[in-house]
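# A structural walkthrough
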Amino acid sequence: MIITEITPQKRRKDRYNLYCEEGFLLSLSDETIVKNSIKKGADLSSALIEKLRREDTLKYAKELAASFISYCPRTRREVITHLEKKGIDSVSAEQAADMLEEYRYIDDEKYAREFSRIYSSKLGSRMIKQKLMQKGISSEAAEAASKANSQTQMEAGKKICEKYAKKYAALDSYERNKKIYAALIRKGFSYDEASMLVKEDEDVYE
């Protein structure tokens, strides 16, 4: 393919559109163009064009991924999903995520532990595990992280019990406990945790 024209993109000045006699060929970063000495009139083979396309896509994927994680920590799945929504192919998205993991910019286990630490004062272990798995954390890592701050979670559960015990103080103990139990389940406490917390609260208010 003979390159007939190289023009800068309107929105991204660091990227250029390459044209051949048939029309638009592909877009490349200025770095890729300089690195491969691509100029108007250059004759590019199909194999070289495909190689340049793959390399440039991966470079762009890495840039997008780095920008995405700069705002806040992300899981591997979140990064890959974000890249694919931006039009990056799955192979390049996986490779970009691999690079971020290699340099420890993505660390799912660390993410899970920090997520649990933050939300244990609000949610029970069941909800924390569920939310982590929705973000792509493995079941094993999510389970471990969700139980790492059990004392904080139980303190949060006690506060929920206190809140609803006061709110439904006029109800008999059976109905009040049903309300407290339901509130704990909604907050992601397991059935066993909710039962234990309700029993402790019942002992306090008996």
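See the structure printed just above.
Read on for a plain summary of the structure. (Residues numbered from 1 in each chain as written. Predicted model: local features only at pLDDT ≥ 70, side-chain atom pairs only at ≥ 80, totals over all residues. Heavy atoms only, no water.)

### Points about the overall build of the chain
In terms of regular secondary structure, the chain is built from 10 helices and 3 strands. Its helices and strands in sequence order give the chain the pattern β-β-β-α-α-α-α-α-α-α-α-α-α, from N to C terminus. The C-alpha radius of gyration computed for the chain amounts to 27 Å, which surpasses the reference 17 Å derived for 206 residues by more than 25%, pointing to a less compact arrangement than a globule. Of all 206 residues assigned to the chain, the portion counted as buried reaches 40%. Counting only contacts in the chain whose residues sit at least 6 apart along the sequence, the fraction spanning at least 24 positions is 52%. Put simply, the chain shows about 12,600 Å² of open surface, and 50% of that area lies on carbon and sulfur atoms. Seen as two clouds, the 39 positive and the 35 negative side-chain charges of the chain have centres 5 Å apart. (Helix = DSSP H or I, 4+ residues; strand = E, 2+ residues; numbered from the N terminus. Rg over C-alpha atoms; globule rule 2.2 N^0.38 Å. Buried < 20%, exposed > 50% of the residue type's maximum accessible area, 1.4 Å probe, protein only. Contact = heavy atoms within 4.5 Å. Areas by Shrake-Rupley, 256 points an atom, 1.4 Å probe, with all protein chains shown as cover. Lys, Arg positive; Asp, Glu negative; His and termini not counted. Charge placed at Lys NZ, Arg CZ, Asp CG, Glu CD.)

### So, helix H5 (residues 108-119)
Between its first and last C-alpha, H5 extends 16 Å over 12 residues, near the 16 Å set by a 1.5 Å rise per residue. Of the residues making up H5, those classed as buried are Asp108, Tyr111, Ala112, Phe115 and Ser116. Buried residues of H5 fall within an arc of 130° about the axis and therefore sit on the same side. Of the exposed residues in H5, those oriented more than 90 degrees away from the buried face are Glu109 and Lys110. (Expected span 1.5 Å × (residues − 1). Arc of directions from axis to C-beta.)

### Thoughts on the environment of alanine 97
With respect to the helices and strands, alanine 97 occurs in helix H4 (residues 90-102). Residue classification places alanine 97 among the buried positions, given a relative accessible area of 0%. Distance from alanine 97 to lysine 62, taken between C-alpha atoms, is 7.9 Å for residues 35 residues apart in sequence.

### Describing the pairing of strand E3 (residues 23-29)
By the criterion of burial, E3 is predominantly enclosed, with 5 of the 7 residues buried. Where strand E2 (residues 15-20) and E3 come together, 6 bridges link them in antiparallel fashion. Paired with leucine 18 across the strands is leucine 26, a residue of E3. (Pairing = 2+ DSSP bridges.)

### Remarks on the environment of arginine 76
Tracing the backbone shows arginine 76 in helix H3 (residues 76-85). Measuring from C-alpha to C-alpha, the distance between arginine 76 and alanine 93 comes to 10.0 Å, with 17 residues separating the pair along the chain. Not counting residues within four places of it along the chain, the set of residues in contact with arginine 76 comprises Glu94, Ala97, Asp98, Glu101, Ile106 and Asp108. A polar side-chain atom of arginine 76 sits 2.9 Å from a polar atom in the side chain of aspartate 98. (Polar contact = N/O pair within 3.5 Å; in protein donor to acceptor, adjacent residues only side chain to side chain.)

### Brief notes about the sheet that holds E2
Ordered by their spatial adjacency, 3 strands build an open sheet running E1-E2-E3, and the pairing between neighbours is antiparallel. A strand with exactly one partner marks an edge of an open sheet, and here the two such strands are strand E1 (5-8) and E3. In this sheet, adjacent strand axes meet at a mean angle of 25° when their direction is disregarded. Pairing of E1 with E2 involves 4 bridges; the strand directions are antiparallel. The residue of E2 that forms the bridge with glutamate 5 is tyrosine 19. Set on the sheet, helix H2 (residues 46-69) makes contact with E2 and E3; between it and E3 the angle comes to about 45°. (Axes fitted to C-alpha atoms, helices over the stretch in contact; angles between N-to-C directions.)

### Here's the deal with the pattern of salt bridges
Enumeration according to the criterion identifies 17 salt bridges in this entry. In this structure, glutamate 31 and lysine 59 form a salt bridge, with 3.6 Å as the shortest nitrogen-oxygen distance. Taken together, the residues glutamate 31 in helix H1 (residues 30-35) and lysine 59 in helix H2 connect sequence positions 28 residues apart. The exposure class assigned to glutamate 31 is partly exposed, which follows from its relative accessible area of 48%. In this structure, glutamate 155 engages lysine 158 in a salt bridge whose closest nitrogen and oxygen atoms are separated by 3.7 Å. With glutamate 155 and lysine 158 both in helix H8 (residues 150-167) and 3 residues apart, the pair spans about one turn of that helix. Among the charged side chains, a network of salt bridges with common partners joins Arg12, Asp14, Glu31, Lys59 and Glu63. (Salt bridge = Lys/Arg side-chain N within 4 Å of Asp/Glu carboxyl O.)

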